[in-house]
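Working through the structure, step by step
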Amino acid sequence: MVFNTRFALAEDYDLCQSQVDEYQNNGHILLRNVIPESEVAELRTAVLRTHEALKAEEEDFQKAFRITQNLWEINDTVRAHVLSKRYAGIAAKLLGCRDVRIYHDLTFFKEGLGKGKATPWHQDGHYWPLDTEGCITLWVPLIDCPVDMGPMSFVSGSHLNKDAEHLPISDESDEYIRNLVENENLTVAPAQHMNAGDATFHSCWTYHAAASNTTERTRIAFAIAYYDADAMVPIQPPTNERRAANLARWFPGAVPGGPAATEKNPAVPFPHD
């Protein structure tokens, strides 16, 4: 069983140049069957169990979603997925870099019956403490995720600016980005139905949001954040408290101007053509 799982997670994903172009132009893309169908149930079970084990560290973001982080450090099944050459290969190809490193993983649980409120429009880059444009997040539902369960919407092309960089995820960031969309006539790519194992990839600079979950089930989603393996820690100190906290937590011992490479950030090389 372990052998089969590792083989499936090492198998290359068939990514064509038009998909790479789509990501680089829009800052986001939806890919089908990223997690092999045979592996979804085992990963879902592992994520649920590990989230529960980390319950004391759970964070609730404005009732929009609940997260725990770095499940890969304590669960072997999650580790196999987080360090999967299959997923890392997609991330590196979309970014156009040699290899990627792990920033961290995290759960995104959104309660049903409207209890999981809408996720405000925001830009993840507010939280990322790295000196690189090469940042990308894989987001995957581990159960089928219809539109009314709250998959993500994106603003295409918004990864090319940092207008909302100064704002954490909040009602303020939501209003600010909504105004940008309206005043600058930006294009919103609406949420799409996602089957378990489908995945979106988005830049840390892409504006994104999610509607409330009006179904009867909790949305169970998992994410892996990657960055260009050659990224550096900025010479200048972090510009906000969350970046400072993330730098200390996810890059222990890293020094300003040095490589963003610690024991918490393993590189995941994949075979190159």
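We now turn to the structure provided with this report.

What counts and what doesn't
- Residues numbered from 1 in each chain as written.
- Predicted model: local features only at pLDDT ≥ 70, side-chain atom pairs only at ≥ 80, totals over all residues.
- Heavy atoms only, no water.
- Helix = DSSP H or I, 4+ residues; strand = E, 2+ residues; numbered from the N terminus.
- Buried < 20%, exposed > 50% of the residue type's maximum accessible area, 1.4 Å probe, protein only.
- Contact = heavy atoms within 4.5 Å.
- Areas by Shrake-Rupley, 256 points an atom, 1.4 Å probe, with all protein chains shown as cover.
- Lys, Arg positive; Asp, Glu negative; His and termini not counted.
- Charge placed at Lys NZ, Arg CZ, Asp CG, Glu CD.
- Salt bridge = Lys/Arg side-chain N within 4 Å of Asp/Glu carboxyl O.
- Disulfide = S-S within 2.5 Å.
- Phe/Tyr/Trp six-rings, centres within 6.5 Å; stacked < 30°, edge-to-face > 60°.
- Core = buried A, V, L, I, M, F, W, Y, C linked by side-chain atoms within 4.5 Å.
- Pairing = 2+ DSSP bridges.
- Axes fitted to C-alpha atoms, helices over the stretch in contact; angles between N-to-C directions.

**Considerations on the overall build of the protein**
When helices and strands are counted, the protein shows seven helices and twelve strands. Reported as C-alpha extents along the three principal axes, the dimensions of the protein are approximately 50 × 50 × 45 Å. Each of the 273 residues in the protein was classed as buried or not, and the buried ones make up 54%. For the protein, restricting intrachain contacts to residue pairs at least 6 apart in sequence, the fraction spanning at least 24 positions comes to 85%. Approximately 12400 Å² of the protein is accessible, and the part contributed by carbon and sulfur atoms is 50%. One finds the centroid of the 24 positive side-chain charges in the protein at a distance of 6 Å from the centroid of its 38 negative side-chain charges.

**Structural notes on the environment of Pro-269**
By the element assignment, Pro-269 lies in the segment after β12 (267-268). Along the chain, Pro-269 and Ala-229 lie 40 residues apart, while their C-alpha atoms are 9.1 Å from each other. Among all residues touching Pro-269, those that are not within four sequence positions of it are Lys-85 and Asp-99.

**Side note on the pattern of salt bridges**
Under the defined criterion, the tally for this structure stands at 13 salt bridges. Note that Arg-66 and Glu-111 form a salt bridge whose closest N and O atoms lie 2.4 Å from each other. Here Arg-66, found in strand β3 (residues 65-67), pairs with Glu-111, found in the loop between β4 (100-110) and β5 (119-122); they are 45 residues apart in sequence, far enough to count as distant. Classification of Glu-111 as partly exposed rests on a relative accessible area of 25%. Connected through salt bridges with shared partners, the residues Lys-55, Glu-58, Arg-66 and Glu-111 form a single ionic network.

**Digging into the state of the cysteines**
Note: disulfide means a covalent bond formed between the sulfur atoms of two cysteine side chains. For the structure shown, the criterion picks out one disulfide. A sulfur-sulfur separation of 2.2 Å characterises the disulfide bridge that pairs Cys-135 with Cys-204. Negative torsions about the S-S bond denote left-handed disulfides, and the value of about -55 degrees found for Cys-135 with Cys-204 makes this one left-handed. Here Cys-135, found in strand β6 (residues 135-141), pairs with Cys-204, found in the loop between β9 (199-203) and β10 (208-210); they are 69 residues apart in sequence, far enough to count as distant. Judged on exposure class, the residue Cys-135 and its partner Cys-204 are both buried. Of the cysteine sulfurs around Cys-16, a residue in no disulfide, the closest is that of Cys-97, at 18 Å. Residue Cys-16 is classed as partly exposed on the basis of its relative accessible area, which comes to 35%. Looking at Cys-97, it has no disulfide partner, and the nearest cysteine sulfur is the one in Cys-135, 11 Å off.

**Side note on the packing of aromatic side chains**
For any pair of aromatic rings, the description consists of the separation of the ring centres together with the inter-plane angle of the planes. This model, assessed by the stated rule, comprises five aromatic pairs. On the numbers, 5.1 Å between centres and 20 degrees between planes, the contact of Phe-61 with Phe-65 is stacked. Among the residues examined, Phe-65 registers a relative accessible area of 7% and is labelled buried. Following the ring pairs from residue to residue traces out a cluster consisting of Tyr-103, Trp-128, Tyr-227 and Phe-251.

**With respect to helix α5 (residues 85-95)**
Counting buried residues along α5, nine of its eleven residues qualify, which places the element largely inside the surrounding structure. Taken together, the buried positions of α5 are Arg-86, Tyr-87, Ala-88, Gly-89, Ile-90, Ala-91, Ala-92, Leu-94 and Leu-95. Where α5 ends, the next residue or the one after it, Gly-96, has phi of about 80 degrees, a positive value.

**Comments concerning the nonpolar core**
Of all hydrophobic cores here, the largest spans 59 residues; its most connected members are Val-34, Val-78, Leu-94, Phe-201, Phe-222 and Tyr-226. A per-element tally of this core places α5 first, with seven residues. Ranked by size, the runner-up nonpolar core spans 14 residues in total, among them Cys-204, Val-233, Trp-250 and Ala-260.

**Digging into the sheet that holds strand β8 (residues 187-189)**
Taken together, the four strands give an open sheet; going across it, the order is β5-β10-β7-β8, and neighbouring strands pair in antiparallel fashion. Only two strands of the sheet have a single neighbouring strand rather than two, namely β5 and β8. Taken pair by pair, the neighbouring strands of this sheet meet at an average axis angle of 20 degrees, ignoring direction. Here strand β7 (residues 152-156) runs beside β10; their pairing, made up of three bridges, is antiparallel. Bridging from a neighbouring strand, Met-152 pairs with Ala-210 of β10. Set on the sheet, helix α6 (residues 171-183) makes contact with β5, β7 and β8; between it and β5 the angle comes to about 55 degrees.

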